[in-house]
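# Breakdown of the fold
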Amino acid sequence: MAEEKETEESAPVEKKSSNMLMIIIIVVLILIIIIGAVVAFLLMGSDEEAAVNNAPQAQERVADTRTNRKSVSSTSFDNNRKLSDIGVLYPLDTFTVNLKSDSGRRYLKATMSLELDSPELSHELDSKAPVLRDRIIRILSSKTLEEISSKKGKQKVSQQIMDTLNSMITDGKIQGIYFTEFVIQ
């Protein structure tokens, strides 16, 4: 009879400890799920932000194409040029810059080549390379993701770079800028 009392007393203690262990496991799993959801939300939030910011641009582009179908831009000129018409190309090193933004989490990696009107201009560009790189970095880093993500935006940036560099050189003229790499992250 004494043995029966001991087994009856130990059974509730085992039940309480197994119930407590089950509760602890459930609480830990719930915390892991909540933490995973918060991390996923934070990581996905920056992508949704970019999608929301790009949506108005897409609507503007559609409106622009409807109203400006008859206008001819310099990009169509570049697309219609033959390879034999392109002058001497002067390749530049890769530029990696932070884009102007509130979050500061976007950067641009761009490689470009300059089209020169004469081969003699390459000597002047060699001697002024650090100044040219500085000006290009300043121009690229002053742009936002929205400004450079469209084809028209890239054309504006290349025109601004070309105008800036042409104002600095004396031996010739830069006729065009060709991006060989353009990565936004």
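Scroll up for the structure.
Everything quoted here is computed from the prediction, not taken from an experiment.

### Points about the nonpolar core
Counting residues in hydrophobic clusters, the biggest one holds 26 residues, and the most contacted among them are Leu114, Leu140, Ile161 and Ile174. Sequence-distant contacts of Ile174, defined by excluding residues within four places in its chain, comprise Leu114, Glu115, Leu116, Leu121, Met162, Leu165, Asn166 and Ile169.

### Regarding the packing of aromatic side chains
Counting across every chain of the model gives 1 aromatic pair. Here the aromatic rings of Phe179 and Phe182 are separated by 5.0 Å at their centres, their planes lie at 75 degrees, and the arrangement is edge-to-face. Looking at Phe179, the relative accessible area reads 24%, which means it is partly exposed. On the accessibility criterion, Phe182 (21% relative accessible area) is partly exposed.

### Let's talk about the pairing of strand 3 (residues 107–116)
Within strand 3, 8 of the 10 residues are buried, which leaves it mostly tucked inside the rest of the structure. In this structure, strand 1 (residues 88–91) lies alongside strand 3, joined through 4 bridges in antiparallel fashion. Bridge pairing in strand 3 places Pro91 opposite Ser113. Strand direction decides the pairing type here: strand 2 (residues 95–98) and strand 3, joined by 4 bridges, are antiparallel. Looking at strand 3, one finds that Phe95 is bridged to Ala110. In this structure, strand 3 lies alongside strand 4 (residues 174–184), joined through 9 bridges in antiparallel fashion. Each residue of the ladder has a partner; that of Glu115, found in strand 4, is Gly176.

### Comments concerning helix 6 (residues 151–168)
With 18 residues, helix 6 should cover 26 Å at 1.5 Å per step; its first-to-last C-alpha distance of 26 Å lies within 8% of that length. Of the residues making up helix 6, those classed as buried are Gly153, Val157, Ser158, Ile161, Met162, Leu165 and Met168. Where the residues of helix 6 are buried, they touch strand 3, helix 3 (121–127), helix 4 (129–141), helix 5 (145–148) and strand 4.

### So, the pattern of salt bridges
For the structure shown, the criterion picks out 4 salt bridges. Residue Glu181 is joined to Lys109 by a salt bridge in which the shortest nitrogen-to-oxygen separation is 3.8 Å. With Glu181 in strand 4 and Lys109 in strand 3, this pair connects stretches of sequence that are 72 residues apart. Judged by relative accessible area, Glu181 falls into the partly exposed class, the value being 25%. With a shortest N-O distance of 2.8 Å, Glu124 and Lys128 are connected by a salt bridge. Residue Glu124 is classed as buried on the basis of its relative accessible area of 6%. Residue class for Lys128 comes out partly exposed when judged on its relative accessible area of 28%.

Reading the values: rules and limits
Residues numbered from 1 in each chain as written. Predicted model: local features only at pLDDT ≥ 70, side-chain atom pairs only at ≥ 80, totals over all residues. Heavy atoms only, no water. Core = buried A, V, L, I, M, F, W, Y, C linked by side-chain atoms within 4.5 Å. Buried < 20%, exposed > 50% of the residue type's maximum accessible area, 1.4 Å probe, protein only. Contact = heavy atoms within 4.5 Å. Phe/Tyr/Trp six-rings, centres within 6.5 Å; stacked < 30°, edge-to-face > 60°. Helix = DSSP H or I, 4+ residues; strand = E, 2+ residues; numbered from the N terminus. Pairing = 2+ DSSP bridges. Expected span 1.5 Å × (residues − 1). Salt bridge = Lys/Arg side-chain N within 4 Å of Asp/Glu carboxyl O.

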